[in-house]
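Residues per chain are reported as follows:
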Amino acid sequence: MKKSKKRQAVSSACKYRFLAALVFLLISGNLLLVSTLIPETAEWYSDRIYRPAAAAVSGLTGRVLFSLAEFGLYLLILLLLFSVVYTIRKIIRNGSAGRRLLSWLSGICLAASLLAFFFMLGAGINYHRVSFSEKAGIAAEPCTAEDLSRICSWLTREVNARSTQVTRDENGVMTLTRPEGPDAAAAMENLGTVFPDLSGSYPMPKKVFFSQILSSLDLTGIFSAFTIEANYNGDITPYNIPFTVCHELSHLRGFMQEEEANFIAFLACIQSDQPDFQYSGYLSGWVYCMNALYTADHDTWSTIRSQLSPTAEPDLTANREFWAGYQGILSEVSTQVNDTYLKINGQSDGVLSYDRMVELIAAYFRDNPAVSEGEQQ
């Protein structure tokens, strides 16, 4: 009798877990559908609900010195492994494999549905809001080879001018002499005085403790929609770090499109008071724009490439060598997963969307009189 009641209780618990999982998945699906079909709802949510909620959450999680997202991921993996071992042990000891596997599966489904629901609240809806460039009045347009030539020449001069202003090690590679976190927050807060949608205080970005994992996955950083944290790979070439942390911090304001986050990071860095941030922004922009020029006009690319200061070359060499050490099946799979993830969230270009930052830099170059005058001199 007792066993029968226990089985009934377990069966009821399974049904409730499956039902709850279905409810959360339906809510998540409807949120995605509505925000995709009616972008105004995504914008309303981002401004009225996400922004104050994200500020509150990041205000709490930002007080913790380590990445809660990283810790949470490892904890989830351990809990998953424990649940598998525990379930197998129960089956071996007491039998009832079907009932116990169903109970385990119902718990996994509920956990997955909750993660999907909180992801939608922390990031998914924001993929469909009004873009930063549109809100800022920056009209991006496809670039001609001539446009790219002028932009790359401008960026080359800016990189050259700052390549001697940063600290370098014995191999000529740039080093960061100050903690990047406070300067990144300051750079974003400074940019917020120009663009109200970026205004407010920012928490410290957090270096991932096991950064080698991100390197193996071909990632420089990652935004946690669950803890509202900007996490970054601390092992990457130093010139990439300021640009990367500003990129991840931009997601805290609900701008999830990767080209937008890249462009925001570019602006935050070049307008920073710190030479290493300026250098990081200009050199990162230079790499993206030069890659575009390489495809559009190789001869012009070759001419401008030869004008880059030898002082900056060690940074590019160090970057190539760093990522060459992590090329393999894992990085390829990670890239495909990221590509699929971005396409599911409305970025039709997938991982290529990062490169569309070039169009935004071109618009900035076109609309900024000081830059245009400097290019013509």
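Calculation criteria
- Residues numbered from 1 in each chain as written.
- Predicted model: local features only at pLDDT ≥ 70, side-chain atom pairs only at ≥ 80, totals over all residues.
- Heavy atoms only, no water.
- Helix = DSSP H or I, 4+ residues; strand = E, 2+ residues; numbered from the N terminus.
- Polar contact = N/O pair within 3.5 Å; in protein donor to acceptor, adjacent residues only side chain to side chain.
- Salt bridge = Lys/Arg side-chain N within 4 Å of Asp/Glu carboxyl O.
- Axes fitted to C-alpha atoms, helices over the stretch in contact; angles between N-to-C directions.
- Parallel < 35°, antiparallel > 145°, perpendicular 65-115°, else oblique.
- Contact = heavy atoms within 4.5 Å.
- Nonpolar A, V, L, I, M, F, W, Y, C, P; charged D, E, K, R; others polar.

A. Region of interest: the environment of Tyr288. Mapped onto the fold, Tyr288 is located in helix H11 (residues 275–296). In this structure the C-alpha to C-alpha distance between Tyr288 and Met357, which are 69 residues apart in sequence, comes to 7.7 Å. A distance of 3.2 Å separates the side chain of Tyr288 from the side chain of Asn262, its partner in a polar contact.

B. Expanded view of the pattern of salt bridges. Scanning all chains against the criterion turns up eleven salt bridges. In this structure, Arg150 engages Glu146 in a salt bridge whose closest nitrogen and oxygen atoms are separated by 3.2 Å. With Arg150 and Glu146 both in helix H6 (residues 145–163) and four residues apart, the pair spans about one turn of that helix. One salt bridge connects Glu313 with Arg305, and the closest N-O pair in it is separated by 2.7 Å. It is possible to trace a salt-bridge network through shared partners that takes in Glu43, Asp47, Arg129, Lys135 and Asp197.

C. Spatial organisation of the packing of helix H9 (residues 240–250) against H11. At a closest axis distance of 7 Å, the pairing of H9 and H11 adopts a crossing angle of 85°. Classified by the interaxial angle, the pair formed by H9 and H11 is roughly perpendicular. Within the contact between the two elements, H9 uses Asn240, Pro242, Phe243 and Cys246 and H11 uses Asp276, Phe277, Ser280, Gly281 and Ser284. Of the residues contributing to the contact of H9 with H11, the split by class is four nonpolar, four polar and one charged.

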